[in-house]
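# Structure at a glance
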Amino acid sequence: VAAAAGGVAAAGVGVEVSSSGLRRRLRASLASSDKGDVYPDCSCLCCVVQRSVLKSAITGEQERKCFPPPANTGQQCQSVCNTKDSILSNAQLNAAGQRLVSYNRYCFAECKPPSCDAPTDQMVRCMPLSPEEVAQAMTPGGNGQEISAGCY
């Protein structure tokens, strides 16, 4: 997810947290995975449509994007998941041989709203990118990039 003014906005809730704080939490999650914990495979079913608090790198507007459900819904999946795709290919392997990424990153890079006018306040589940969209989102460094997914 894009950075804004030295921080990263928490998914869809309009709260900014420091990027170093997010990195510490992710490192702690990943460190626990080095003890042999096995994490579930990533799925767009753990992502819902929300209006991004950050402006799109493509349009400069706050677009509909996919993020994990807000914490107050009680519908969040784990904070990290095992990715097996080509978009986020730079994820580090844990002791169990899994490539773990934060669900925020996965939802943003790998999923899309089911329609361009999907409501942002009704917990609408996201869907995976098409193979053509995956090709557009891939980058040589394996970090992925934002795509419009046909909506903008």
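Up top is the structure.
Note that the structure is predicted; figures quoted are calculated from it, not measured.

So, about unusual backbone geometry. Phi at M123 takes a positive value of approximately 55°, unusual for a residue other than glycine. Structurally, the position occupied by M123 is in the loop between β7 (111-112) and β8 (127-128). Overall, the relative accessible area of 26% leaves M123 in the partly exposed class. The phi dihedral of A149 falls on the positive side, at around 55°, and the residue is not glycine. Positionally, A149 belongs in the segment after α3 (131-137). Taking the relative accessible area as the measure of exposure, A149 reaches 18% and is therefore buried.

Now for the packing of aromatic side chains. Scanning all chains against the criterion turns up two aromatic pairs. When the centroid spacing of 6.1 Å and the interplanar angle of 40° are considered together, the rings of F67 and F108 count as tilted. Of this pair, F67 sits in strand β4 (residues 64-67) while F108 sits in helix α2 (residues 103-110), and the two are 41 residues apart along the sequence. Summarising the aromatic geometry, the rings of Y103 and Y106 are spaced 5.9 Å apart at their centres and angled 90° between planes, so their arrangement reads as edge-to-face. Taken as a pair, Y103 and Y106 lie in helix α2 at a separation of three residues, close to a single helical turn. Take Y103: its relative accessible area is 3%, and that puts it in the buried class. Owing to a relative accessible area of 9%, Y106 belongs among the buried residues under this scheme. Across from the ring centre of F108, 5.2 Å away, lies the NZ or CZ of K65, which sits over that ring.

Another point: α2. Burial of α2 is extensive: six of the eight residues sit out of reach of the surface. Summarising the contacts, the buried residues of α2 are in contact with β4, β5 (80-82), β6 (100-102), β7, β8 and α3.

In this structure, I87 sits in the loop between β5 and β6. Taking the C-alpha atoms as reference, I87 lies 6.3 Å from A137; in sequence the two are 50 residues apart. Every residue in contact with I87, bar those within four places of it in the chain, is listed here: A109, E110, L129, V134, A137, M138, G142, N143 and G144.

Before going further, it helps to spend a moment on the nonpolar core. In this structure, C47, V101, Y103, Y106 and C111 are the most contacted members of the largest nonpolar core, which totals 22 residues. The contact partners of Y106, leaving out residues within four places of it in the chain, are C42, S43, C44, C47, C81, T83, D85, L88, V101 and C111.

Our next topic: empty space enclosed by the protein. Taken as a whole and judged by the stated rule, the model has two cavities of 30 Å³ or more. For the largest cavity, the calculated volume is near 100 Å³. For the largest cavity, the lining is made up of 16 residues, of which K65, C111, K112, I147 and A149 are closest to its centre. Contributing elements (two or more residues each) for the lining of the largest cavity: β4, α2 and β7. Examining the composition of the lining of the largest cavity, we find that three residues originate from one element, β4, more than from any other.

The rules we used
- Residues numbered from 1 in each chain as written.
- Predicted model: local features only at pLDDT ≥ 70, side-chain atom pairs only at ≥ 80, totals over all residues.
- Heavy atoms only, no water.
- Helix = DSSP H or I, 4+ residues; strand = E, 2+ residues; numbered from the N terminus.
- Buried < 20%, exposed > 50% of the residue type's maximum accessible area, 1.4 Å probe, protein only.
- Phe/Tyr/Trp six-rings, centres within 6.5 Å; stacked < 30°, edge-to-face > 60°.
- Lys NZ or Arg CZ within 6 Å of the ring centre and 35° of its normal.
- Contact = heavy atoms within 4.5 Å.
- Core = buried A, V, L, I, M, F, W, Y, C linked by side-chain atoms within 4.5 Å.
- 1 Å grid on protein atoms, 1.4 Å probe; cavity = no way out; pocket = protein on both sides within 12 Å on 5 of 7 lines; lining within 4 Å.
- Points joined across faces, edges and corners; volume = space filled by probe spheres on them.

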